Protein chains: 2
Amino acid sequence: MIVVLTGGTGGAKFVQGLEQVVPAAQITTVVNTGDDLNWWGLHVSPDLDSITYAMAGLLSRERGWGVEGDTFNCLQVIARLGAPTWFHLGDRDLAVHLVRTQLLGQGKTLTEATEMITRQFDIASRVLPMTDTIVQTRVITPTGELSFQEYFVRERWQPEATGVRFIGSESARPAAGVLEAIHKADAVVIAPSNPVTSVGPILAVPGIREELRETSAPVVAVSPIVGGAAVSGPAGKLMQSQGLPVSIDGVARAYADFLDALIIDEMDAGGASGVESLGIALSVTNTIMQTSSDKEALARTALSAARAVKK
Amino acid sequence: MIVVLTGGTGGAKFVQGLEQVVPAAQITTVVNTGDDLNWWGLHVSPDLDSITYAMAGLLSRERGWGVEGDTFNCLQVIARLGAPTWFHLGDRDLAVHLVRTQLLGQGKTLTEATEMITRQFDIASRVLPMTDTIVQTRVITPTGELSFQEYFVRERWQPEATGVRFIGSESARPAAGVLEAIHKADAVVIAPSNPVTSVGPILAVPGIREELRETSAPVVAVSPIVGGAAVSGPAGKLMQSQGLPVSIDGVARAYADFLDALIIDEMDAGGASGVESLGIALSVTNTIMQTSSDKEALARTALSAARAVKK
């Protein structure tokens with residue numbers, strides 16, 4: 001069993017590659033829910049949805065989120081009705097949020113709701129939210145705190161980030177199955193997701209970081225930083241806010257207490273000495289996933305790196 | 001001010017005609033909410049929506065409900081997720097239900113939510129739900145009770161109806177503004193809607209029927225029965241379940257205690273003697289609204305009939 005800790009965009013691409021290498025039934029994803037939001041009265045879980053759509057073959061290639069070929073007709077009328085529209089939901093996408101919101105309203109956990117939704121999409125892998133309790137990622141800026149989506153989507157990550165916090169994380173518990181999955185895994189992969197606001201919330205749920213240290217499974221991360229900058233999104237800015245260098249060194253330091261191996265891009269092969277001094281093995285490959293075979297090759301490299309770990 | 005008591009389909013066409021004859025700002029509709037349902041977790045008010053879309057110029061001409069040219073992409077994914085789909089909501093239509101559900105969840109009344117929605121659509125007329133409390137129309141059949149939408153949409157009004165009841169009507173109160181509107185009206189028109197399950201729930205809200213009797217405004221109804229059958233839908237079957245003949249006589253009897261004048265179709269001009277013996281004036285015209293000028297002419301006839309009433 002391969003366990004992947006992941007956010008949305010980069011992680012969704014990574015699991016698409018992994019599915020080409022191992023049967024989907026042998027994959028468990030543990031997904032960030034710190035970005036979840038109540039939008040138009042619905043419980044939206046952007047990262048869970050990206051992983052679900054990726055696994056169902058529905059993820060929009062062009063946008064990297066939402067459903068391929070989706071329409072936005074509801075959004076247009078919502079705008080006319082004066083409701084906020086800075087966060088876009090497609091018409092097909094809405095179905096998932098409507099069903100999830102109803103299931104939660106009926107008392108189901110987010111884990112149960114996700115299980116029902118992924119089953120209906122004939123997804124053979126297991127998709128787990130990091131927690132069933134509410135953890136909210138907040139980005140601290142000089143003019144006040146923003147929810148992650150306010151910072152990322154509404155403000156297009158332009159405000160200066162001076163810090164990040166995860167409201168509710170102290171009392172959160174890992175969702176049912178998360179710790180067991182990590183404990184019994186053949187390998188754990190940290191997807192090429194933002195270390196601060198995609199993987200960070202997962203690690204902030206008490207028990208998960210500890211289990212990553214204790215598991216006998218090799219723990220491998222794919223660096224989302226290439227050539228001193230994030231492949232996409234605000235990972236660089238947010239790493240700086242945490243005092244982490246925007247480099248593979250910064251990624252290694254974010255995970256140093258549990259990481260066995262780090263997959264870095266060819267572009268970063270020169271500046272790797274600091275990582276190995278932390279006792280973390282390095283694998284160098286192309287980490288930019290543009291094609292289906294890029295994704296597959298990266299997944300193979302991650303699994304090879306895991307197999308090479310001596311624990 | 002013209003007050004129209006109305007359901008969805010026929011009433012929506014009627015108010016489109018009325019808008020051609022009097023300024024929209026002089027029209028108040030009092031709309032049936034006995035058909036409202038919770039669908040996909042949203043508060044759906046089919047008749048309020050039909051009237052709103054009619055007033056906004058958005059009503060689908062082909063379907064007679066929902067938004068013209070709407071898509072059903074959300075519905076398709078909802079079906080894949082295993083949720084019930086016998087009641088169809090279009091993607092644009094969903095926007096109204098999402099906004100309404102949020103407003104109600106924030107503690108707004110249905111009247112307030114409707115006022116906000118119609119204002120956003122630049123509707124100059126006043127659209128009032130009959131009540132802000134829950135009244136549910138139930139159709140009694142030999143095999144059990146059905147909600148109105150289960151009977152009408154899911155079962156396509158095929159089960160035998162042995163009766164109708166309006167759960168919650170005893171303790172319901174007219175929505176703010178309803179009684180005042182009827183009291184101060186220059187004319188009240190009962191739209192060509194189903195007397196049992198469209199107008200019936202409105203009349204079942206304590207105080208409304210009494211105000212129709214007491215108002216000094218002339219009260220005129222347009223018969224939804226033409227040639228011994230309903231123009232559309234199950235009005236005939238449901239009138240029979242109430243012991244009413246499926247004829248203009250049956251319509252007159254349903255409203256006899258407050259009705260001053262009844263507009264009937266040319267086809268029924270021969271069988272009208274029973275109605276006049278109830279003290280109800282008759283106007284004969286074409287009541288089938290196929291074109292815009294049909295609608296306008298019918299509205300003119302209704303207003304003329306109102307003006308002719310001596311009270």
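Up top you'll find the structure we're talking about.
Residues numbered from 1 in each chain as written. Chains lettered and ligands numbered in written order. Predicted model: local features only at pLDDT ≥ 70, side-chain atom pairs only at ≥ 80, totals over all residues.

1. Thoughts on the interface of chain A and chain B
So, step 1. Across the boundary between the two partners, chain A contributes 22 residues, which contact 22 residues of chain B.
So, step 2. Of all the secondary-structure elements, those providing two or more residues to the side of chain A that touches chain B are α3 (73-80), α4 (91-105) and α5 (110-120) of chain A.
So, step 3. Among the elements that take part in the side of chain A that touches chain B, α4(A) stands out by supplying nine residues, more than any other.
So, step 4. Taken together, the residues that form the side of chain A that touches chain B break down as 11 nonpolar, eight polar and three charged. (Contact = placed C-beta atoms within 7 Å. Helix = DSSP H or I, 4+ residues; strand = E, 2+ residues; numbered from the N terminus. Nonpolar A, V, L, I, M, F, W, Y, C, P; charged D, E, K, R; others polar.)

2. Some details on the pairing of strand β13 (residues 261-265) of chain A
All names here are of chain A.
So, step 1. In terms of residue burial, β13 counts as a mostly covered element, since five of its five residues are buried.
So, step 2. Pairing geometry for strand β10 (residues 219-222) and β13, over three bridges, is parallel. Paired with Val 222 across the strands is Ile 263, a residue of β13.
So, step 3. Here β13 runs beside strand β14 (residues 281-285); their pairing, made up of five bridges, is parallel. Pairing of Ala 261 across the sheet is with Ala 281, part of β14. (Buried ≥ 20, exposed ≤ 12 C-beta atoms within 10 Å, placed from the backbone. Pairing = 2+ DSSP bridges.)

3. Here's the deal with helix α2 (residues 46-56) of chain A
Residues and elements named next belong to chain A.
So, step 1. Most of α2 sits out of view: 10 of its 11 residues are buried.
So, step 2. By the burial criterion, the buried members of α2 are Pro 46, Asp 47, Leu 48, Asp 49, Ser 50, Ile 51, Thr 52, Tyr 53, Ala 54 and Met 55.
So, step 3. The first or second residue beyond α2 is Gly 57, which carries a positive phi of 70°.

4. Quick word on the relation of the copies chain A and chain B
So, step 1. In the superposition of chain A on chain B (RMSD 0.0 Å, axial shift 0.0 Å), the rotation amounts to 180°. This pairing of chains is accounted for by a two-fold axis. Taking the C-alpha atom as reference, chain A places Asp91(A) closest to the rotation axis, 3.0 Å from it. (Least-squares fit on C-alpha atoms with pLDDT ≥ 70 in both.)

5. Things to note about the sheet that holds strand β9 (residues 187-190) of chain A
Residues and elements named next belong to chain A.
So, step 1. Spatially, the seven strands line up as an open sheet ordered β5-β2-β1-β9-β10-β13-β14, and their pairing is parallel. Strand pairing shows two members of the sheet lacking a second neighbour, β5 (126-129) and β14, which therefore form its edges. Across the sheet, the axes of successive neighbouring strands diverge by a mean angle of 20°, strand direction being ignored.
So, step 2. Bridge analysis of strand β2 (residues 27-31) against β5 gives four bridges, and the strand direction is parallel. (Axes fitted to C-alpha atoms, helices over the stretch in contact; angles between N-to-C directions.)

6. Notes on the packing of helix α4 (residues 91-105) of chain B against helix α5 (residues 110-120) of chain B
All names here are of chain B.
So, step 1. Where α4 contacts α5, the two axes come as close as 9 Å, and the packing angle between them is 140°. Here α4 lies oblique to α5, going by the angle between them. Relative to α5, the crossing made by α4 is right-handed. Contacts from Val 96, Val 99, Arg 100, Leu 103 and Leu 104 in α4 reach Leu 110, Glu 112, Ala 113, Met 116 and Ile 117 in α5.
So, step 2. Classifying every residue of the contact of α4 with α5 by side-chain character gives eight nonpolar, no polar and two charged. (Parallel < 35°, antiparallel > 145°, perpendicular 65-115°, else oblique. Left-handed = near helix turned anticlockwise from the far one by under 90°.)

7. Focus on the environment of Val21(B)
Residue and element names in this part refer to chain B.
So, step 1. Note that Val 21 resides in helix α1 (residues 9-21).
So, step 2. Residue classification places Val 21 among the partly exposed positions, given that 18 C-beta atoms sit within 10 Å.
So, step 3. Each C-alpha atom, one on Val 21 and one on Asp 186, is 14 Å from the other, the two residues being 165 residues apart in sequence.
So, step 4. Once residues lying within four places of it in the same chain are set aside, the contact partners of Val 21 are Glu 296, Ala 299, Arg 300 and Leu 303.

8. Focus: the sheet that holds strand β6 (residues 136-141) of chain B
Residues and elements named next belong to chain B.
So, step 1. The three strands lie next to each other as β7-β6-β8, forming an open sheet whose pairing is antiparallel. Of all strands in the sheet, those bounded by a partner on one side alone are β7 (144-147) and β8 (163-167). If you compare each strand with its neighbour and ignore which way they point, the axes differ by 30° on average.
So, step 2. Bridge count for β6 against β8 is five bridges, and the pairing is antiparallel. Each residue of the ladder has a partner; that of Val 139, found in β8, is Val 164.

9. Quick look at the packing of α3(A) against α4(B)
So, step 1. Remark: α3(A) packs on α4(B), axes separated minimally by 7 Å, with the N-to-C direction vectors making an angle of 45°. Here α3(A) is positioned oblique relative to α4(B), judged by the angle of their axes. You can see that α3(A) and α4(B) cross each other, and the crossing is right-handed. Listed contacts from α4(B) to Asn73(A), Cys74(A), Val77(A) and Ile78(A) of α3(A) are Asp91(B), Arg92(B), Leu94(B), Ala95(B), Leu98(B) and Val99(B).
So, step 2. When the residues that make up the contact of α3(A) with α4(B) are grouped by side-chain class, the tally is seven nonpolar, one polar and two charged.

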